Amino acid sequence: KGPGIYTSPFYRFFLQYVGCFFAFFSTGFLIASTWTDCWMVNADDSLEVSTKCRGLWWECVTNVFDGIQTCDEYDSIYAEHPVKLVLTRAMMITADILSGFGFLFLVLGLDCVKFLPDEPLIKLRICLVSGVTLLIAGLPGITGSVWYAVDVYVERSSLVFHNVFLGIQYKFGWSCWLGMAGSLGCFLSGALLTCCMYLFRGEEPLHSAYSLRKGYSSAGTVVTNVHLPSSQTATAKMYAVDTRV
């Protein structure tokens, strides 16, 4: 095929930048979700003059009239907490760390970053590793956020079903939605970087092999076109005549 092998750098660049876009915002969403305070919000706004939000680390109350917010931190992480809270914390922190590393790896693998500029195959593998890391990061993120949301929904539905009113009923809030969105973004970014970038895995080796063959061919041509000096040629002829004699 000759030099026509290496014909799709635009698509590779496009996939890298799209994956980087989703990875950046997904990582930001996951971190914001973990450290904000609105995983649960009171569902009976008409009966309350304040909005109550519960996060993974503290609980806040905001007055709907003057906007004044007061927050109370939960007990120490070593204190006894509900299993839902502890496991969601662990899964979201794991997702934050993995997505952060995946995004950093992806930045190093971008063609526009001057890191290993003479090793395109290694940079491509860095992008693949980044994609796998982002896919793994999405698992604890989506598990923790969806499990938390389902638990809140089931708890509220059971209270409504049994006609039990405890004064405040909660629904899952925007922090939980951020966790879901960040996790889905990690899945999308990881899929782009692993499945799609994998299609370009043979592109660089073929291009390198073709260049190498072309170099060898040129070198062989140069060698065959080299002529011996006239003095060496005359000496060789004299030696041949003496041998025949």
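Residues numbered from 1 in each chain as written. Predicted model: local features only at pLDDT ≥ 70, side-chain atom pairs only at ≥ 80, totals over all residues. Heavy atoms only, no water.

In the nomenclature of an unreviewed UniProt entry, the protein is known as Claudin of Athene cunicularia. Of the protein, the UniProt comment under Sequence similarities (unreviewed entry) reads exactly: "Belongs to the claudin family." (UniProt positions renumbered as here; feature names shortened; annotations may be inferred.)

Points about the UniProt feature "transmembrane region" (unreviewed entry) in the protein
When the UniProt feature table is mapped onto this chain numbering, "transmembrane region" (unreviewed entry) sits at residues 12-32, 90-113, 125-150 and 177-200. Taken end to end, residues 125-150 is 100% helix and 0% strand, and its two terminal C-alpha atoms sit 38 Å from one another. (Helix = DSSP H or I, 4+ residues; strand = E, 2+ residues; numbered from the N terminus.)

So, the nonpolar core
If you look at the biggest cluster of nonpolar residues, it comprises 24 residues, and the most contacted ones within it are W39, L56, L106 and Y148. Of all the secondary-structure elements, those providing two or more residues to this core are α1 (9-34), α2 (83-109), α3 (120-161) and α4 (174-196). The biggest single contributor to this core is α3, with six residues. Contact partners of L106, with chain neighbours within four places excluded, come to G19, C20, A23, C127, S130 and L193. (Core = buried A, V, L, I, M, F, W, Y, C linked by side-chain atoms within 4.5 Å. Buried < 20%, exposed > 50% of the residue type's maximum accessible area, 1.4 Å probe, protein only. Contact = heavy atoms within 4.5 Å.)

Re the state of the cysteines
For the coordinates displayed, the defined rule picks out one disulfide. The disulfide that involves C60 links it to C71, with 1.9 Å between the sulfurs. Taking the torsion about the S-S bond as the criterion, the C60 to C71 disulfide, at about 105 degrees, is right-handed. Of the two residues, C60 is situated in strand β3 (residues 58-63) and C71 in strand β4 (residues 69-73); the sequence distance between them amounts to eleven residues. Looking at C60, the relative accessible area reads 1%, which means it is buried. Overall, the relative accessible area of 40% leaves C71 in the partly exposed class. Left unpaired, C176 is separated from the closest cysteine sulfur, that of C38, by 9.9 Å. (Disulfide = S-S within 2.5 Å.)

Notes on the sheet that holds strand β5 (residues 170-172)
The strand order across the open sheet formed by five strands is β4-β3-β2-β1-β5, and the pairing between neighbours is antiparallel. Of all the strands in the sheet, the pair left with one neighbour each is β4 and β5. Looking at each pair of strands side by side, their axes are set apart by 20 degrees on average, direction ignored. Taken together, the five bridges between strand β2 (residues 50-54) and β3 define a ladder with antiparallel strand orientation. (Pairing = 2+ DSSP bridges. Axes fitted to C-alpha atoms, helices over the stretch in contact; angles between N-to-C directions.)

Here's the deal with the packing of aromatic side chains
One pass over the structure, following the stated rule, counts nine aromatic pairs. A centroid spacing of 5.7 Å and a plane angle of 50 degrees characterise the contact between F24 and F103, whose relative ring orientation is tilted. Note that F24 is positioned in helix α1 and F103 in helix α2, a separation of 79 residues in sequence. (Phe/Tyr/Trp six-rings, centres within 6.5 Å; stacked < 30°, edge-to-face > 60°.)

Structural notes on a nonpolar patch on the surface
A cluster of nonpolar side chains, contributed by I31, W35, I93, I97, F101, L104, F105, L108, F115, L116, I122 and V129, occupies part of the molecular surface with about 990 Å² of accessible area. It is α2 that contributes the most residues to the nonpolar patch, six residues altogether. Positionally, F105 belongs in helix α2. (Patch = residues over 30% accessible without salt bridge, like charges linked within 9 Å, V, L, I, M, F, W, Y side chains within 5 Å. Areas by Shrake-Rupley, 256 points an atom, 1.4 Å probe, with all protein chains shown as cover. Salt bridge = Lys/Arg side-chain N within 4 Å of Asp/Glu carboxyl O.)

Observations concerning the pattern of salt bridges
Following the criterion strictly, the structure yields two salt bridges and no others. For K84, the salt bridge identified is with D151, shortest N-O distance 3.2 Å. Residue K84 is found in helix α2, and its partner D151 is found in helix α3; the two are separated by 67 residues along the sequence. Judged by relative accessible area, K84 falls into the buried class, the value being 15%. By relative accessible area, which is 28% here, D151 ends up partly exposed.

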